[in-house]
Amino acid sequence: MSATMDDENVQETDLYGCLGIFKEASTEEINNAFRRLSRMYHPDKHIEPDRKQKAVLMFNKIKYAHEILMDPYKRAIYDTLGLKALETESWEIVARRQTPQEIREEYERLLIEREERRLNQRTNPKGSITVGIDATDLFDRYVDQYSGATAAAGSELPTIEVSSMSISQSIDCPLTNQDTAILGGNLSTHNGTGSGTITASSRRILSDKGWAELEVSAGNGPMIHLKGFRTFTKHLFGTMSGFLQFSRGGIQPGVSTMFAAQLDKSLQGRISINLGLMTSITTTVVHDYKDNHLVFGIQLGIPNSFVTAGYTRRFPQQEAKIKLALKFGTFGGIVEYGAEKKVSQFSVLGAHVVIGVPTGVLLKIKLHRGNQTYNFPIHLSESMNPTAIFYGTLVPLVAFIVVKNLLIKPFLEQQRERDLEKKRQTNSEMMAEKKREAEAARDLMKESVIRIREFEEGRKGLVIVKAVFGKLISTETNDIDESVCVDVTDPIQSLVKNSQLIIPGDQLKSGLPGFYDPCIGEDKVLYIRYRFRQQLHHVTVGEIEELRCPLQRHLITSES
């Protein structure tokens, strides 16, 4: 491999994988790996023209990896930026006298400068649209107490109408790494009455422990709002805000503050105090452990006091979660339950049912797409109508299953296939070259593999019976699609030293000698069946998972 590889190869090549070593390998370990592979790949060890040509290809590859990793300066750049940085003639870090640590510090400085230049070109638009729908006529048909006729006389169809709508939007305008300007606004209407507000604010990061923000808004009277955040200790932080609302009735001040303490790894306590038109003190305890999230809170205030509790269960593999919440206070109580599901890379769909007094029955549908949120609260009944509860729960569930299977799932499958096909086409030439390199490596290592295998068999050590690397069919059983895989029995055997096999983690196995990626963009695993002390073992590991053999848990028993 020459020192002027193309960009695609630069992006895909793993120098540590080429030598089969850990990223933390010492200079001695790098040299030992290079010498071991040189015994297999050095062109002088091969006479036949075809094998000699293959040897030149593989020897240049490991020689290139060895040269980069043995140079502290180049290795520091490679570890920080990758090979592409080494291939760039206009590389900004040119001082050879710099130590690896100084190189990293210089690179971080350059990153900050480039980030500041990008700040002026970047905004972060966020927004939400809420459409309130009154569908109470579906379940609470109004009947005239005198004539007994429905309010919509002459028509048996219920009336469904849009009762409210609100739109809010904001954009962030980074000025420097410490300063951000934010401009936002919202419009809302309810039963024919509308209002709007425009907001401008400036946020400054004071240190790594806090920030402050000044906000000015106009709409329902001018308002000045000052907010701040501060980390006090490793386990204690807080926020404080104060505002002045100007209206015809005078100036209305308000202050709120919140302190939170991390009681242990999964338990957090918060206390909030609000002073103003609505005075209250709230205590909240949050327990967040693995896939479970539990919240309990008590608020004492004027005019409302309540107790609330909520439980959320997350399902990471399904990218979904379910929620149950209770709230009871001086103005009534509600029960809320629902679920959310990630339906695409950037979209999350959720549906919740709220039942209570004086709410009645409310179905809330939410779609979160990128930085935009779309809310559709649908009022089904003004009372706790069992029929409204039943249909409010069942219809969204059935609709989601139908839409998912008939529309979303086929669309995502087609999109995934298009993306994979595009990757295959884009990388076809590079992957063909990788495949030729892998075949050349396997051919050249045969004699060495025979010696290693005979040595291990003689001492009843570690003998690789079968090893395949390829497409993962099932995450539960770790099965491999035999039609999309690579036989890597010899490459794995070549890595065995003194009855030990160690393959570093956090490195793509497709970069190991004799390997290549048979299915770009798809999950891959390595399956190995080996014999140790005349007993059969097997193990399956992911593409970047560390592997150590032999281990007792790999033993194939009668129950396996």
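Residues numbered from 1 in each chain as written. Predicted model: local features only at pLDDT ≥ 70, side-chain atom pairs only at ≥ 80, totals over all residues. Heavy atoms only, no water.

## Observations regarding the overall build of the protein
- Counting its secondary structure elements, the protein contains 11 helices and 23 strands.
- Across the 560 residues of the protein, 35% fall into the buried class.
- Long-range contacts, defined as pairs at least 24 residues apart, comprise 43% of the intrachain contacts of the protein with a sequence gap of at least 6.
- Of the accessible surface of the protein, which amounts to about 33,200 Å², a share of 57% is contributed by carbon and sulfur atoms. (Helix = DSSP H or I, 4+ residues; strand = E, 2+ residues; numbered from the N terminus. Buried < 20%, exposed > 50% of the residue type's maximum accessible area, 1.4 Å probe, protein only. Contact = heavy atoms within 4.5 Å. Areas by Shrake-Rupley, 256 points an atom, 1.4 Å probe, with all protein chains shown as cover.)

## So, the side chain of Gln299
- Tracing the backbone through its elements, the reader meets Gln299 in strand β11 (residues 292-302).
- A distance of 3.2 Å separates polar atoms of two side chains, one belonging to Gln299 and the other to Thr282.
- When residues no more than four places from it in sequence are discounted, the contact partners of Gln299 are Ser280, Ile281, Thr282, Asn304, Ser305 and Phe306. (Polar contact = N/O pair within 3.5 Å; in protein donor to acceptor, adjacent residues only side chain to side chain.)

## A look at the confidence of the model for the protein
- Averaged over the protein, the pLDDT score is 83; the fraction of residues at 70 or greater is 85%.
- When the criterion is pLDDT under 50, residues 1-11 qualifies, and its contacts beyond four places in sequence or with other chains add up to 22 contacts. (pLDDT = per-residue confidence, 0-100.)

## Points about the pairing of β11
- Sheet analysis places strand β10 (residues 279-289) next to β11, joined by 11 bridges and oriented antiparallel. In the strand pairing of β11, Thr279 is matched with Ile302.
- What sits between the antiparallel neighbours β10 and β11 is a turn of 2 residues, in which Lys290 has the positive phi angle 50°.
- When β11 meets strand β12 (residues 306-315), the two strands line up antiparallel, connected through 8 bridges. Paired with Gly297 across the two strands is Thr308, which belongs to β12.
- The loop that links β11 with its antiparallel partner β12 comprises 3 residues. (Pairing = 2+ DSSP bridges.)

## A word on a positive patch on the surface
- A surface patch of positive charge is lined by Arg35, Arg39, Lys45 and Arg451.
- Positionally, Arg35 belongs in helix α3 (residues 27-41).
- The partly exposed category is assigned to Arg35, whose relative accessible area is 45%. (Patch = residues over 30% accessible without salt bridge, like charges linked within 9 Å, V, L, I, M, F, W, Y side chains within 5 Å. Salt bridge = Lys/Arg side-chain N within 4 Å of Asp/Glu carboxyl O. Lys, Arg positive; Asp, Glu negative; His and termini not counted. Charge placed at Lys NZ, Arg CZ, Asp CG, Glu CD.)

## Details of the pattern of salt bridges
- The final tally for this structure, using the stated rule, is 19 salt bridges.
- For Asp179, the salt bridge is made with Arg204, and the minimal N-O distance between the two is 2.6 Å. With a gap of 25 residues between them, Asp179 in strand β3 (residues 179-190) and Arg204 in strand β4 (residues 193-207) connect regions that are remote in the sequence.
- We classify Arg204 as partly exposed; its relative accessible area is 40%.
- The partner of Glu340 in a salt bridge is Lys321, and the shortest N-O contact between them spans 3.8 Å. With Glu340 in strand β14 (residues 332-342) and Lys321 in strand β13 (residues 320-329), the pair connects residues that are 19 residues apart, well separated along the chain.

## Brief notes about the packing of aromatic side chains
- Per the stated rule, a full pass over the model turns up 8 aromatic pairs.
- Judged by centre distance (5.8 Å) and plane angle (45°), the ring pair of Phe229 and Phe237 falls under tilted.
- The class for Phe237 is partly exposed, based on a relative accessible area of 23%.
- In this structure an aromatic cluster arises from ring pairing among Phe139, Phe390 and Tyr391.
- Here the guanidinium or amino end of Lys327 rests over the ring plane of Phe306, the centre of that ring lying 4.3 Å away. (Phe/Tyr/Trp six-rings, centres within 6.5 Å; stacked < 30°, edge-to-face > 60°. Lys NZ or Arg CZ within 6 Å of the ring centre and 35° of its normal.)

## Notes on the environment of Ile355
- Mapping Ile355 onto the fold places it in strand β15 (residues 347-357).
- Through-space distance from the C-alpha of Ile355 to that of Glu336 is 6.3 Å; in sequence the pair is 19 residues apart.
- Aside from chain neighbours lying at most four places away, what touches Ile355 is Gly333, Ile334, Val335, Tyr337, Gly360, Met384 and Ile389.

## Digging into the state of the cysteines
- For the structure on display, the rule yields 0 disulfides.
- Cys485 provides the cysteine sulfur closest to Cys519, a residue in no disulfide bond, and the two sulfurs are 9.1 Å apart. (Disulfide = S-S within 2.5 Å.)

## Describing unusual backbone geometry
- Following Ile302, the chain continues into Pro303 via a peptide bond in cis, with omega recorded as 10°.
- Note on placement: Pro303 falls in the loop between β11 and β12.
- Cis geometry is adopted by the peptide bond preceding Pro550, which originates at Cys549 and carries an omega value of 0°.
- Of note, Pro550 is situated in the segment after β23 (547-549).
- With a phi angle near 55°, Glu319 is a residue other than glycine that sits in the positive phi range.
- The phi angle at Lys460 is positive, at roughly 55°, despite the residue not being glycine.
- Mapped onto the elements, Lys460 comes out in the loop between α10 (446-458) and β18 (462-474).

## A closer look at the nonpolar core
- Leu15, Leu19, Ile21, Tyr41, Ile62, Leu69 and Tyr78 are the most contacted members of the largest nonpolar core, which has 27 residues in total.
- When residues of this core are traced back to their parent elements, those giving at least two are α2 (15-19), α3, α4 (49-70) and α9 (428-444).
- Contact partners of Leu69, with chain neighbours within four places excluded, come to Leu15, Tyr16, Leu19, Ile21, Ile30, Arg75 and Tyr78.
- Formed by 24 residues, the second largest nonpolar core is a distinct cluster that contains Val496, Leu526, Ile528 and Phe532. (Core = buried A, V, L, I, M, F, W, Y, C linked by side-chain atoms within 4.5 Å.)

## With respect to α3
- An ideal rise of 1.5 Å per residue puts 21 Å on 15 residues; α3 measures up with 21 Å between its terminal C-alpha atoms.
- Within α3, burial applies to Ile30, Ala33, Phe34, Arg36, Leu37, Ser38, Met40 and Tyr41. (Expected span 1.5 Å × (residues − 1).)

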